[in-house]
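Here is how the chains run, residue by residue.
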Amino acid sequence: MRTSRNPPPWLRRLLLRVIDIASQPLCEDTSADPFHLNFRYFVEEVKKLQEGNVLELGARNSVIRPHFTGKRYVGVDIHPGTGVDVTCDIHQLSTALSSLNLRFDAVVTIATFEHLVMPWKAVLEINKVMSTGGLLFIATHPTWPPHELPWDFWRYSDGAFHGLLNRATGFDILRCSSGLPCTILPLGTEKSTVGILGQPAFMGISVVARKTADARPDLQWNLATEEIITTEYPLR
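Residues numbered from 1 in each chain as written. Predicted model: local features only at pLDDT ≥ 70, side-chain atom pairs only at ≥ 80, totals over all residues. Heavy atoms only, no water.

A. Representation of the overall build of the chain in the model. Assigned secondary structure in the chain consists of five helices and seven strands. Ordered by position from N to C terminus, the α and β elements of the chain give α-α-β-β-β-α-β-α-β-α-β-β. Put simply, the chain has 236 residues, and 41% of those count as buried. When contacts within the chain are restricted to residue pairs at least 6 apart in sequence, long-range pairs at least 24 apart make up 72% of them. (Helix = DSSP H or I, 4+ residues; strand = E, 2+ residues; numbered from the N terminus. Buried < 20%, exposed > 50% of the residue type's maximum accessible area, 1.4 Å probe, protein only. Contact = heavy atoms within 4.5 Å.)

The structure is reproduced here in structure tokens:
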């Protein structure tokens, strides 16, 4: 039975360390996790293109560019840095890339969608810069500690991506998998949290989708990021 007695900070840290050590036998090999397999599938499908333009969103200090050698590659990020060819807010993507006069056959974004204040608008912007038939890969989190604050807005489930990538927004989901297994350890006395420990949870989710058409023209979200929030994404 849980009690409301609060342990001192040193004891809490010690107990959490003990739990961490004791959980090691439960850890799984994630090298073949569906979360990773979706990226490998995406890379192999892009390699089949004789030619192609690849767009990476959230490209600053990224290490995935070498997977796409031989392709025209454009890296986008909200801050300049290594690997960034165009600096812009993804919510204004089509405007920022208009001068390139390119359509992209593949778009990849890893650990970025949780930082987008309006992911539904980002999906529409991505559609605008893609070729019909092109592939989109998104990797993000169903569960993860808060990070890159104050620009940490969303967590995603399989169902969330069916709400974002669908016939209306011009996409067909080919693969969508949660992965990187974990468990949630409640540390409060709320009765509603009893029984959560040991239930399946995941720290990663990845999706591969194909652009099938332009998004419906009535889908509009004519708001700029600065109209909603006044902070800036942290420069780290």
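Still more ground to cover, so stick around.
B. Quick peek at the environment of Phe35. Take Phe35: it is sitting in helix H2 (residues 34-47). A residue is classified by how much of its surface remains accessible, and Phe35, at 13% relative accessible area, is buried. Along the sequence, Phe35 and Gln50 sit 15 residues apart, while their C-alpha atoms lie 26 Å from each other. Not counting chain neighbours up to four residues away, the residues in contact with Phe35 comprise Ala139, Thr140, Gly179, Leu180, Gly204, Ile205 and Ser206.

C. Fine view of the pattern of salt bridges. Per the stated rule, a full pass over the model turns up nine salt bridges. Residue Asp152 pairs with Arg155 through a salt bridge whose shortest N-O separation is 2.7 Å. Across the pair Lys211 and Asp214 runs a salt bridge, and its minimum N-O distance is 3.0 Å. Here Asp214 falls in the exposed class, since its relative accessible area comes to 53%. (Salt bridge = Lys/Arg side-chain N within 4 Å of Asp/Glu carboxyl O.)

D. How the structure looks around the packing of aromatic side chains. Counting across every chain of the model gives ten aromatic pairs. A centroid spacing of 5.7 Å and a plane angle of 80 degrees characterise the contact between Trp120 and Trp154, whose relative ring orientation is edge-to-face. Of this pair, Trp120 sits in helix H4 (residues 119-129) while Trp154 sits in the loop between strand S5 (130-140) and helix H5 (158-164), and the two are 34 residues apart along the sequence. Given a relative accessible area of 32%, Trp120 falls into the partly exposed group. What makes Trp154 partly exposed here is its relative accessible area of 32%. Through pairs of rings, three or more aromatic residues link up here, namely Phe39, Phe42, Phe68, Tyr73 and Phe137. Taking NZ or CZ as reference, Arg175 lies 4.4 Å from the ring centre of Tyr41, over its face. (Phe/Tyr/Trp six-rings, centres within 6.5 Å; stacked < 30°, edge-to-face > 60°. Lys NZ or Arg CZ within 6 Å of the ring centre and 35° of its normal.)

E. The arrangement of H2 in detail. Here H2 contains 14 residues, and its C-alpha end-to-end distance of 20 Å stays within 8% of the 20 Å for a straight helix at 1.5 Å per residue. Where H2 is concerned, the buried positions are Phe35, Asn38, Phe39, Phe42, Val43, Glu45 and Val46. Buried positions in H2, seen along its axis, are confined to an arc of 165 degrees and lie on one side of it. Tucked inside the fold, the buried residues of H2 contact strand S1 (53-57), strand S4 (104-110), S5, strand S6 (171-182) and strand S7 (201-211). Capping the start of H2, Asp33 holds a side-chain oxygen 2.8 Å from the backbone nitrogen of Phe35, two or three residues further along. (Expected span 1.5 Å × (residues − 1). Arc of directions from axis to C-beta. Polar contact = N/O pair within 3.5 Å; in protein donor to acceptor, adjacent residues only side chain to side chain.)

F. Looking closely at the nonpolar core. Ranked by size, the top nonpolar core spans 30 residues in total, and within it Leu55, Val76, Leu93, Phe113, Ile126, Phe161 and Leu165 carry the most contacts. Apart from residues lying up to four places away in sequence, Leu55 is in contact with Val74, Val76, Leu93, Leu97, Phe104, Ala106, Val107, Val108 and Val129. Core analysis: the second largest hydrophobic core is formed by 16 residues, Val43, Val46, Tyr73 and Leu135 among them. (Core = buried A, V, L, I, M, F, W, Y, C linked by side-chain atoms within 4.5 Å.)

G. Summary view of the pairing of S7. The element S7 is largely enclosed, with a buried count of eight among its eleven residues. Bridge count for S5 against S7 is six bridges, and the pairing is antiparallel. Bridge pairing in S7 places Ile138 opposite Val207. The pairing of S6 with S7 spans ten bridges and is antiparallel. When the bridges of S7 are listed, Ser177 appears paired with Ser206. (Pairing = 2+ DSSP bridges.)

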